[in-house]
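The primary structure of each chain is shown beneath.
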Amino acid sequence: AKENGYTEPNPWDDLNGVDVARKVLILARYAGFEVEFSDIQLEPLIAEKFGEMTGDDFLSGLKEVDDDFEKRRASAAEQGNVLRFVGQVIVKDDKPSLIVGLQEVPADSAIGGLAGTANIMVAETQILAEPVPHVIKSRGAGLDVTAAAMRIGVARMLPAGIPRE
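Each chain carries its own residue numbering, running from 1 in the direction its sequence is written. Predicted model: local features are reported for residues with pLDDT of at least 70 only, side-chain atom pairs are reported and counted for 80 or more only, and whole-chain, interface and lining totals are derived from all residues. Calculation of side-chain values draws on the structure's entire complement of heavy atoms; hydrogens and water are dropped beforehand.

Enquirer: Sorry if this is basic, but what is going on with the sheet that holds strand β3 (residues 95-106) here?
Expert: Sheets are built from strands that pair by backbone hydrogen bonding, the pairs being arranged parallel or antiparallel. In space, the three strands of this open sheet follow the order β1-β3-β2, with mixed pairing throughout. Looking at which strands have only one partner, the edges of the open sheet turn out to be β1 (40-42) and β2 (81-92). Averaged over all adjacent pairs, the angle separating strand axes in this sheet is 20°, with direction ignored. The pairing criterion is simple: DSSP has to find at least two bridges between the two strands. A run of DSSP states H or I qualifies as a helix once it reaches four residues; a run of E qualifies as a strand once it reaches two. Both are numbered from the N-terminal end. Relative to β3, β1 is paired through three bridges, and the arrangement is parallel. In the sheet register, L42 faces β3, and the bridge partner there is V100. Note on contacts: a residue pair qualifies if any of its non-hydrogen atoms lie within 4.5 Å across the two residues. Note on method: axes are straight lines fitted to C-alpha atoms, helices fitted across the in-contact stretch only, with angles between N-to-C directions ranging 0 to 180 degrees. Relative to β2, helix α2 (residues 18-30) is tilted by about 30°, and along the sheet it contacts β1, β2 and β3.

Enquirer: Explanation requested: the environment of A118 in the structure shown.
Expert: Its location among the elements puts A118 in strand β4 (residues 118-123). The class of A118 is buried, set by a relative accessible area of 19%. Each C-alpha atom of the pair A118 and S138 lies 5.5 Å from the other, and the pair is 20 residues apart in sequence. Summary of the burial criterion: residues with accessible area below 20% of their type's maximum are buried, those above 50% are exposed, and those between are partly exposed, where the area comes from a 1.4 Å probe applied to protein chains only.

As structure tokens, then:
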């Protein structure tokens, strides 16, 4: 992924989940919620010990988690699912829960079909819900592109209705 330009300059910034968590925080704040980074329930993709490694040690160290990820991937595939790193803002009783972590999702869902460097926002509200939620998909490489897509996405989603529980 690093060789293909899919990661941050330091891949730990992707694998620790902070990049997605920041996006979730921005979306929640833009939607009008007073939340802090510490409000996010964050499950990194890999153990924190990898954050202390650098360069080749980091990349070679990742091999120790390959078998576990392969087992999770194979188990998901048996159910017709794929693994995706997902950030969520779930609103219940006007209070947001911010959650970031690896999830098993249907391969044929909007999130399941995500590939490459694309980002996706899926809004499910009382008005817009499965089987056809509001979806905004754009390339996600670089600060300007990602920020623009998030601003446009949230602006388009907010009038769509009250968030579902």
